[in-house]
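Residue-level structure breakdown
The lines below spell out each chain.
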Amino acid sequence: MLIKKPDLIRPSEITPQSAYLNRRQFMQGLAGTAAFAASASALALPVPQFDKGLPVYTGPDWLQQQLRAGVSNKALSTDEKIAPYQHAIRHNNFYEFGTGKGDPAKNAQDFITDPWSVQVSGEVNRPGTIGLEDLIKPHQLEERIVRLRCVEAWSMVLPFVGVSLATLLKQFEPTSKAKYVEFTTLNDPKQMPGQRSVFSSLDWPYVEALRMDEAMHPLAFMAVGMYGNALPPQNGAPLRLVLPWKYGFKWVKSIVGIRFTENMPATTWNKMAAQEYGFFANVNPAVSHPRWSQATERRLPSSLFRPNIIDTQPFNGYGDEVAHLYSDMDLKKWF
Ligand SMILES: Nc1nc2c(c(=O)[nH]1)N[C@H]1C(S)=C(S)[C@@H](COP(=O)(O)O)O[C@H]1N2
Ligand SMILES: [Mo]
């Protein structure tokens, strides 16, 4: 195993979110051994074609059947240019598999995402454990092409496939006491090298939450696919949130738990640094991160010669849809 010494980490590899961890003596030295071991097969894709030679993630048979049966509408989708596939699957934040942008693509290839089930608990009439197929199969899959804006000030346009979050959550019949809903990522240090690190990083498992009205908003989405196929493990297979108006850290990956609560749950990044990462985390160019401005973003792909810097929009450009959810709130206080 290759262990990188701290002084061998180039400044360009240190991202703002992990810089916080670095300050706390966090040092990630895990190099992946698994090569790209995806099951590549030629498929007639309803959405953009892949570059040849890149891994394709087909997922379980039932999902493949459902994807081929037809993915509906482009409602709530942007017509901006979609990120090339290789950027979407090789530039990731998924700290369970390492803090480097290329770590998840290296370290998540053997991640077991089938079979998969989700535990539903808290303020609901129908708690319990539900298999992924039973969760997804009853619903028509939809494609949503959306902007992902990371709090680190880069962004990408990604074509997700999945179902509206409201549709999923309603079937559990949240009680009138349910004011928030919390989502938890798998906790499995055997499979997730980032959770094995002897140096402290994030508190595992990764948890983020939404207020109920946010979760029930039509823009809130649960993805099971991307680019017309299953989600790659590095992108949060087999089930991840898509919350286009919120910073990427709210978009919980590889979800195994959904819990409805009366009180605001403690969330991973807020616990890590409350003054840097708010509970709401709505994209807001007017509220700087303590260590950098949020006024602009680097739209990927970008390069030294074509940095592709664009202005960041309030609510990531989804203000017409979601601003009313926060009309009575001071967004400088509730960032
Ligand atoms: N479980 C988990 N979910 C996570 C993260 C993580 O580290 N762990 N990173 C978040 C952050 S900071 C971002 S920007 C997005 C990145 O999603 P992508 O890799 O699919 O582009 O995932 C989010 N979801
Ligand atoms: Mo992020």
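Our subject in this report is the structure included herewith. Note that the structure is a prediction, hence the values are computed from the model and not measured.

Here's the deal with the overall build of the protein
Check the secondary structure of the protein and you find 10 helices and 12 strands. Total accessible area computed for the protein in this model is approximately 14,800 Å², and 54% of it derives from carbon and sulfur atoms.

Comments concerning the pairing of strand S1 (residues 117-122)
Two elements, S1 and strand S2 (residues 128-131), share 4 bridges in a ladder whose sense is antiparallel. What sits directly across from Ser117, in S2, is Gly131. Counting the residues between successive antiparallel strands, the hairpin from S1 to S2 contains 5 residues.

Description of the packing of aromatic side chains
Under the criterion given, the structure shown has 14 aromatic pairs. Aromatic pair Tyr95 and Trp269: ring centres 5.7 Å apart, planes at 70°, arrangement edge-to-face. Remark: Trp269 occurs in helix H9 (residues 268-272) and Tyr95 occurs in the loop between helix H3 (85-88) and helix H4 (103-107); sequence separation between them is 174 residues. By relative accessible area, Tyr95 is classed as buried at 6%. Ring pairs connect the aromatic residues Tyr180, Phe279, Phe280, Phe315, Tyr326 and Trp334, which therefore count as one cluster. The aromatic ring of Tyr318 is capped on one face by Arg147, whose charged end is 4.4 Å from the ring centroid. Its guanidinium or amino end placed over the ring of Phe279, Lys250 lies 4.3 Å from that ring's centre, counting from NZ or CZ.

Some details on the environment of Gln109
Structurally, Gln109 is set in the loop between H4 and S1. You can call Gln109 buried: its relative accessible area is 9%. The spacing of Gln109 and Gln234 is 125 residues in sequence and 7.6 Å in space, taken between C-alpha atoms. There is a polar contact of 3.2 Å between the side chain of Gln109 and the side chain of Gln234.

Describing empty space enclosed by the protein
A probe as big as a water molecule, rolled over the atoms, marks out the empty space that is left. As enumerated under the stated definition, the model contains 1 cavity of 30 Å³ or more in all. Quantified by volume, the largest cavity comes out at close to 320 Å³. With 3 residues, strand S4 (residues 154-164) is the single largest residue contributor to the lining of the largest cavity. Looking at the lining of the largest cavity residue by residue, the classes come out as 14 nonpolar, 7 polar and 3 charged.

Here we look at the nonpolar core
Formed by 89 residues in total, the largest nonpolar core has its most connected members in Ile136, Phe160, Phe183 and Phe260. Ranked by residues supplied to this core, first place goes to S4 with 6 residues. Residue contacts for Phe183: discarding those within four places in its chain leaves Leu165, Tyr206, Val207, Glu208, Leu210, Met222, Leu241, Val252, Ile255, Gly257 and Ile258.

Observations regarding the pattern of salt bridges
Within the structure shown, the criterion is met by 14 salt bridges. Across the pair Asp203 and Lys271 runs a salt bridge, and its minimum N-O distance is 3.5 Å. Of this pair, Asp203 sits in the loop between helix H7 (193-196) and strand S6 (207-211) while Lys271 is found in helix H9, placing the two residues 68 residues apart along the sequence. Residue classification places Asp203 among the partly exposed residues on the basis of a relative accessible area of 48%. In this structure, Lys246 and Glu214 form a salt bridge, with 2.6 Å as the shortest nitrogen-oxygen distance. Here the residue Lys246 occupies a position in the loop between strand S9 (240-242) and strand S10 (255-261), and Glu214 occupies one in helix H8 (residues 212-215), the gap between them amounting to 32 residues. Residue class for Lys246 comes out buried when judged on its relative accessible area of 0%. Exposure remark for Glu214: the relative accessible area of 0% places this residue in the buried category. Each of Glu80, Arg147, Arg149, Glu297 and Arg299 takes part in a single network of salt bridges with overlapping partners.

As for unusual backbone geometry
Following Trp204, the chain continues into Pro205 via a peptide bond in cis, with omega recorded as -5°. Following the sequence through the fold, Pro205 ends up in the loop between H7 and S6. With omega at 0°, the peptide bond leading from Leu300 into Pro301 counts as cis. A positive phi is found at Ser254, a non-glycine position, where the angle reads about 40°.

About the criteria used
Residues numbered from 1 in each chain as written. Chains lettered and ligands numbered in written order. Predicted model: local features only at pLDDT ≥ 70, side-chain atom pairs only at ≥ 80, totals over all residues. Heavy atoms only, no water. Helix = DSSP H or I, 4+ residues; strand = E, 2+ residues; numbered from the N terminus. Areas by Shrake-Rupley, 256 points an atom, 1.4 Å probe, with all protein chains shown as cover. Pairing = 2+ DSSP bridges. Phe/Tyr/Trp six-rings, centres within 6.5 Å; stacked < 30°, edge-to-face > 60°. Buried < 20%, exposed > 50% of the residue type's maximum accessible area, 1.4 Å probe, protein only. Lys NZ or Arg CZ within 6 Å of the ring centre and 35° of its normal. Polar contact = N/O pair within 3.5 Å; in protein donor to acceptor, adjacent residues only side chain to side chain. 1 Å grid on protein atoms, 1.4 Å probe; cavity = no way out; pocket = protein on both sides within 12 Å on 5 of 7 lines; lining within 4 Å. Points joined across faces, edges and corners; volume = space filled by probe spheres on them. Nonpolar A, V, L, I, M, F, W, Y, C, P; charged D, E, K, R; others polar. Core = buried A, V, L, I, M, F, W, Y, C linked by side-chain atoms within 4.5 Å. Contact = heavy atoms within 4.5 Å. Salt bridge = Lys/Arg side-chain N within 4 Å of Asp/Glu carboxyl O.

Such coordinate-based values are descriptive only and should not be taken to indicate function.
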